[in-house]
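Residues per chain, in single letters:
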Amino acid sequence: MSAGGLPTVLVVDDKPASQGSLRACLSSSWRVLEAADGSQALALLEREAVDLVLFVTKPLDQGELELRISPLLRQVDDLTRLHQLKDELLTLLVHDMRNPLFGAAGYLHMLSKTPDLADQSRGWLQAALVALSRLDESLDDVLMLRTLEAGRLALELEPAPLGSVVRDALGTLEGAIREKSLSVSVVDGAEPVVAIDRKLVRRSLENILRNAIDYSAPCGRIEVAVLALDGGAAVEVADRGPGVPESMKTEIFEKFTTVDASRRQRRGYGLGLHLVKVVATAHGGAVTVRDREGGGSVFRMEFPRTRLPS
Ligand SMILES: Nc1ncnc2c1ncn2[C@@H]1O[C@H](COP(=O)(O)OP(=O)(O)OP(=O)(O)O)[C@@H](O)[C@H]1O
Ligand SMILES: [Mg+2]
C-alpha cells in the first residue's frame, strides 16, 4: 500500500498506447507504475513495494485488453472498498479504545496518590501507568498514520528550533531513560530553526529515541546531535545497541517490519519507524539509518529548509 493509501500495480508492457489505456482504467483505484520490459520491472520491484504485477501479453488490441481486465478491475474495486471499510473500522476501534484507557489511567493515578500505600503497591501502580502510556503512544501512532495515509492530515507548519523539539521528545521519555539508568546528551551547536509540524515531528523523534532506549543496554549512552545543514537541518540519534543488519536498513521503515523480537523484552508493532518515514517524506525530508563506528546505530531525520506559506 502506498503512502497515499492506494495499492500499487506494476504494468509491464512495451506499447505506450496500451500502457496509456491501462493507466486510464487503473489510476482511480491504484498507484500505477510502468515498465517497458522484464529487466525494468525487476529494477522497479527492488525499489518499490508492489501489490500486483500485470504482464501484458501480445498480440492484444485495446478492446480485447479492456475485456480481459474488466473482471479483474471489478474484483479490485470490491477489494479496495473492503480494504477501506476495514481501515475505517480499525480507526474507529482504535479511537474508541483511548477513552477507557484514559479513564483507567486516571483512576490508577488517583490511587497512586493514596498516602499510606505500601512501596511495593506504589511500584506496581507506576508500572501499570507506564504500560498504559505505551499503549496510548501506539494507538496515537496508528491514528496519525491512518490520517497521514488517507491524505487528510495537512501539515501545520510553524518555525521551530529543532533542538527544542528534541528536548520536548526527551521530556516525554524521561521515565524510561531513568528506569534504564541511561545517559543522554544533546549537542545543538548551531540551533537551527526549521518550518515543521511540531507535533508530528516530536512524535517521530519520540519513536526514534524510544527505539534507542529500548535497544540500549542498562547504563548505556545515547547521543543526540542537532545539525544545521546547507539546505536545512537534521537530528541524529546514536546508540550502542545491536545495530540494524545491512539487509534490513531500508525495510525497517516499512509498516509492520521488526527485525528480531528476541533482541529486546518489549514486543513492538513495527509501526514507529514507518510513521517517522511518512512524516519525514511529508516534510520533503528523509530518514535513514547507518552503522555507528564501534557498534550501534545512528538514525538521522532530515528536514529541508521550507518556506512557510505566506
Ligand atoms: N535503535 C535501534 N537499534 C537496533 N534496531 C532497531 C533500532 N530502532 C529500530 N530497530 C529495528 O527496527 C524495527 C522497526 O522499528 P519500529 O520502531 O518501526 O518498530 P518497533 O519498535 O518494533 O515497534 P513500535 O515502534 O511500532 O512499537 C525494530 O523492531 C527493530 O528491529
Ligand atoms: Mg519503535
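Treat the numbers as computed from the prediction; the structure is a model and nothing was measured. (Residues numbered from 1 in each chain as written. Chains lettered and ligands numbered in written order. Predicted model: local features only at pLDDT ≥ 70, side-chain atom pairs only at ≥ 80, totals over all residues. Heavy atoms only, no water.)

Attention shifts here to the packing of helix α1 (residues 16–26) against helix α3 (residues 62–112). As a packed pair, α1 and α3 sit with axes 11 Å apart at the nearest point and diverge in direction by 30°. Classified by the angle between their axes, α1 and α3 sit roughly parallel to one another. Considering only the axes of α1 and α3, their crossing is right-handed. Of the residues in α3, those touching α1 at Ser18, Ser21, Leu22, Cys25 and Leu26 are Gln62, Leu65, Glu66, Ile69 and Leu73. Among the residues forming the contact of α1 with α3, the class breakdown is 6 nonpolar, 3 polar and 1 charged. (Axes fitted to C-alpha atoms, helices over the stretch in contact; angles between N-to-C directions. Helix = DSSP H or I, 4+ residues; strand = E, 2+ residues; numbered from the N terminus. Parallel < 35°, antiparallel > 145°, perpendicular 65-115°, else oblique. Left-handed = near helix turned anticlockwise from the far one by under 90°. Contact = heavy atoms within 4.5 Å. Nonpolar A, V, L, I, M, F, W, Y, C, P; charged D, E, K, R; others polar.)

A separate point is the environment of Arg31. The topology assignment puts Arg31 in strand β2 (residues 31–35). Overall, the relative accessible area of 28% leaves Arg31 in the partly exposed class. In the structure, Arg31 is positioned 22 residues away from Val9 in sequence and 6.3 Å away in space, judged by C-alpha atoms. (Buried < 20%, exposed > 50% of the residue type's maximum accessible area, 1.4 Å probe, protein only.)

What follows deals with the packing of aromatic side chains. In this description, an aromatic ring pair is defined by two values, namely the gap between the centres and the angle between the planes. Tallied over the full model, the rule gives 1 aromatic pair. With centroids separated by 6.3 Å and ring planes inclined at 70°, the aromatic side chains of Phe253 and Phe299 adopt a geometry described as edge-to-face. In this pair, Phe253 sits in the loop between β8 (232–238) and α8 (272–282) while Phe299 sits in strand β10 (residues 297–304), placing the two residues 46 residues apart along the sequence. The buried category is assigned to Phe299, whose relative accessible area is 8%. (Phe/Tyr/Trp six-rings, centres within 6.5 Å; stacked < 30°, edge-to-face > 60°.)

In a beta sheet, neighbouring strands are held together by backbone hydrogen bonds and run either parallel or antiparallel to one another. The strand order β5-β7-β8-β10-β9 describes an open sheet built from 5 strands, whose pairing is mixed. Sheet topology places β5 (183–187) and β9 (286–291) at the edges, where each strand pairs with a single neighbour. Direction aside, neighbouring strands of the sheet carry axes that sit 15° apart on average. Where β9 meets β10, 6 bridges bridge the pair, whose relative direction is antiparallel. Its bridge partner being in β10, Val289 is matched across the sheet by Phe299. (Pairing = 2+ DSSP bridges.)

Residue position: Val76 is located in helix α3. Overall, Val76 belongs to the buried group, its relative accessible area being 7%. Separated by 211 residues in the primary sequence, Val76 and Val287 place their C-alpha atoms 32 Å from one another.

Turning our eyes to something else, we now look at the sheet that holds strand β1 (residues 8–12). Read from one edge to the other, the open sheet built from 3 strands follows the order β2-β1-β3, with strand pairing classed as parallel. The sheet is open, and its two edges are formed by β2 and β3 (52–55), each paired on a single side. Averaged over all neighbouring strand pairs, the angle between strand axes comes to 20°, with direction disregarded. Here 4 bridges tie β1 to β3, and the two strands are oriented parallel to one another. Bridge pairing links Val11 to Leu54 in β3.

Looking now at the pairing of β10. Among the 8 residues that make up β10, 6 are buried, leaving the element largely enclosed by the rest of the structure. Across 7 bridges, the pairing between β8 and β10 is antiparallel. Following the sheet pairing, Ala238 is matched in β10 by Val298. In textbook terms, the turn of a hairpin is the stretch between consecutive antiparallel strands, and for β9 and β10 this stretch comprises 5 residues, one of which, Gly294, has a positive phi near 90°.

This structure, assessed with the given rule, holds 24 salt bridges. Residues Arg202 and Glu206 are paired through a salt bridge, measuring 3.1 Å at the closest nitrogen-oxygen approach. Placement of both Arg202 and Glu206 in helix α7 (residues 198–215) is noted, with a separation of 4 residues, approximately one turn of the helix. Taking the relative accessible area as the measure of exposure, Arg202 reaches 34% and is therefore partly exposed. (Salt bridge = Lys/Arg side-chain N within 4 Å of Asp/Glu carboxyl O.)

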